[in-house]
Amino acid sequence: MGFDIVGALTGRDIMLSLALVILIVLFIWIYSWGKNQLGTKLGLLLAVIIVYLTFFSFPELIWIVFIFFILATFGKELLERIPKK
């Protein structure tokens, strides 16, 4: 069982379309980080490997990666709002 890109592009299943958007955002996010840390070619290779493993080999991990992305993007602001004793 893998990720159905054609089914996601049709828009009939909202969760599949959302997963496609997450795939694109995750790929760009990992590629931009990898490009700065490892160089262009290795960054691209790292992004392709992670996206392939996440979306095609283990599609259940899509939502865990999405949670990590949200925490990495908005986590600092959310943690600052927690009152400290």
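A few points on the structure.

Cut-offs and rules
Residues numbered from 1 in each chain as written. Predicted model: local features only at pLDDT ≥ 70, side-chain atom pairs only at ≥ 80, totals over all residues. Heavy atoms only, no water. Helix = DSSP H or I, 4+ residues; strand = E, 2+ residues; numbered from the N terminus. Contact = heavy atoms within 4.5 Å. Areas by Shrake-Rupley, 256 points an atom, 1.4 Å probe, with all protein chains shown as cover. Lys, Arg positive; Asp, Glu negative; His and termini not counted. Charge placed at Lys NZ, Arg CZ, Asp CG, Glu CD. Phe/Tyr/Trp six-rings, centres within 6.5 Å; stacked < 30°, edge-to-face > 60°. Axes fitted to C-alpha atoms, helices over the stretch in contact; angles between N-to-C directions. Parallel < 35°, antiparallel > 145°, perpendicular 65-115°, else oblique. Left-handed = near helix turned anticlockwise from the far one by under 90°. Nonpolar A, V, L, I, M, F, W, Y, C, P; charged D, E, K, R; others polar. Buried < 20%, exposed > 50% of the residue type's maximum accessible area, 1.4 Å probe, protein only.

With respect to the overall build of the chain
A tally of regular secondary structure across the chain gives four helices and zero strands. Walking the chain from its N terminus toward its C terminus, one meets helices and strands in the order α-α-α-α. C-alpha extents for the chain along the principal axes are approximately 50 × 35 × 20 Å. A sequence separation of at least 24 residues applies to 48% of the contacts in the chain between residues at least 6 apart. When the accessible surface of the chain is summed, it comes to about 6,600 Å², and 72% of that surface belongs to carbon and sulfur atoms. When the 7 basic and 5 acidic side-chain charges of the chain are each reduced to a single mean position, those positions are 12 Å apart.

A closer look at the packing of aromatic side chains
Aromatic ring pairs are reported here in terms of the distance separating the ring centres and the angle at which the planes meet. Scanning the entire structure with this criterion turns up one aromatic pair. Both rings, one in Phe27 and one in Tyr31, keep their centres 6.4 Å apart while their planes meet at 5°; by these two values the pair is stacked. You can see Phe27 and its partner Tyr31 sitting in helix 2 (residues 14–38), four residues apart, about one turn around the helix.

Some details on the packing of helix 2 against helix 3 (residues 40–57)
One way to put it is that helix 2 packs onto helix 3 with a least axis distance of 7 Å and a crossing angle of 150°. It follows that helix 2 is roughly antiparallel to helix 3 by the angle criterion. The way helix 2 lies across helix 3 gives a crossing that is right-handed. Residues Ala19, Ile22, Leu23, Leu26, Phe27, Ile30, Tyr31, Trp33, Gly34, Lys35 and Leu38 of helix 2 form the contact with helix 3, whose own contacting residues are Thr40, Leu42, Gly43, Leu44, Leu46, Ala47, Val48, Ile50, Val51 and Phe55. For the contact of helix 2 with helix 3, the per-class residue count stands at 17 nonpolar, three polar and one charged.

Overview of the environment of Ser57
Among the structural elements, Ser57 can be located in helix 3. On the accessibility criterion, Ser57 (30% relative accessible area) is partly exposed. Here the alpha-carbon distance between Ser57 and Leu9, two residues 48 residues apart in the chain, equals 20 Å.

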